[in-house]
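# Coordinate inspection notes
Here are the chains, one letter per residue:
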Amino acid sequence: MKTVITFGTFDVFHVGHVNLLQRAATYGDRLIVGVSTDELNFSKKGRNPVYNQDDRMKIINGLRYVNLCFEEYSLEKKREYIEYYGADILVMGDDWKGKFDYLSDICEVVYLERTPSVSTTEIIEVITSR
Ligand code: C2G
């Protein structure tokens, strides 16, 4: 059985997130998703997500091609998470291209093309400008 793992904030869940998760799931038999905590997101982006981590986890957990999700507390803990969940493949969007190649000693690392023209930041801009 092959386990796929991916990570993300998935704030203001949109079609780019769905496309990524759906394609990630096709790389194995089960898909595990690490969802960034609010605190991790604040430290990365300097703002809180629009949806809090419990709601973001609930949304990801509700997708039929996601088997399990957990809170990602630190970007530096990827190796631990991959080993803990026994993941065979790490899938990330290509905005992270090359960034996780150092993990290829313990799993296959795959970068998928991002869905063009959709992002949480843009959605927030559109809504706030109305
Ligand atoms: N994504 C995509 N197409 C978009 C927007 C996002 O394919 N138009 C993908 C990203 O490449 C990522 C996933 O959806 O693989 C989640 O995106 P974000 O929530 O923006 O993830 P990020 O904040 O980059 O967190 O440890 C890594 C981080 O947790 C990733």
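To start, this report covers the structure provided alongside it. What you see is a predicted model, and the numbers here were worked out from it, not measured in a lab.

Rules of the game
Residues numbered from 1 in each chain as written. Predicted model: local features only at pLDDT ≥ 70, side-chain atom pairs only at ≥ 80, totals over all residues. Heavy atoms only, no water. Near = heavy atom within 4 Å. Polar contact = N/O pair within 3.5 Å; in protein donor to acceptor, adjacent residues only side chain to side chain. Areas by Shrake-Rupley, 256 points an atom, 1.4 Å probe, with all protein chains shown as cover. Helix = DSSP H or I, 4+ residues; strand = E, 2+ residues; numbered from the N terminus. Nonpolar A, V, L, I, M, F, W, Y, C, P; charged D, E, K, R; others polar. Salt bridge = Lys/Arg side-chain N within 4 Å of Asp/Glu carboxyl O. Buried < 20%, exposed > 50% of the residue type's maximum accessible area, 1.4 Å probe, protein only. Arc of directions from axis to C-beta. Contact = heavy atoms within 4.5 Å. Core = buried A, V, L, I, M, F, W, Y, C linked by side-chain atoms within 4.5 Å.

Residues in close proximity to the ligand total 21 residues, the closest being Thr-9, Glu-72, Lys-78, Asp-95 and Val-118. Within the side chain of Lys-44, one N or O atom sits 3.2 Å away from an oxygen atom of the ligand. Between Val-118 and the ligand, the recorded distance is 2.7 Å, taken from a backbone N or O atom to a nitrogen atom. Here the ligand, which alone exposes 630 Å², has 95% of that area covered by the protein. Secondary structure elements with two or more residues in the shell around the ligand: β1 (3-8), α1 (15-25), α2 (38-45) and β4 (89-93). Here the shell around the ligand is built from residues that sort into 7 nonpolar, 8 polar and 6 charged.

This brings us to the pattern of salt bridges. Tallying each qualifying case throughout the model produces 5 salt bridges. For Asp-11, the salt bridge identified is with Arg-47, shortest N-O distance 4.0 Å. Note that Asp-11 is positioned in the loop between β1 and α1 and Arg-47 in the loop between α2 and α3 (53-61), a separation of 36 residues in sequence. By relative accessible area, which is 5% here, Asp-11 ends up buried. The class for Arg-47 is partly exposed, based on a relative accessible area of 29%. Across the pair Glu-72 and Lys-78 runs a salt bridge, and its minimum N-O distance is 3.0 Å. We classify Lys-78 as buried; its relative accessible area is 1%.

It is worth spelling out α2 at this point. When we look at burial in α2, the residues that qualify are Asp-38, Leu-40 and Asn-41. Along the long axis of α2, the arc covered by the buried residues comes to 160°, so they all point the same way. For α2, exposure combined with an orientation more than 90 degrees from the buried face picks out Glu-39 and Ser-43. Against β2 (30-36), α3 and β3 (68-72) lie the buried residues of α2. Looking one or two places after α2, you find Gly-46, whose phi comes out positive at around 70°.

In this structure, Leu-21, Leu-31, Val-33, Val-35, Ile-60, Val-66 and Val-91 are the most contacted members of the largest nonpolar core, which totals 19 residues. Elements supplying a minimum of two residues to this core: α1, β2, α3, β4 and β5 (108-112). Counting residues per element, this core draws most heavily on α1, at 4 residues. Not counting residues within four places of it along the chain, the set of residues in contact with Val-91 comprises Val-4, Ile-5, Thr-6, Phe-7, Ala-24, Tyr-27, Val-110 and Leu-112. One finds Leu-90, Phe-100, Cys-107 and Tyr-111 within the second-largest nonpolar core, a separate group that totals 15 residues.

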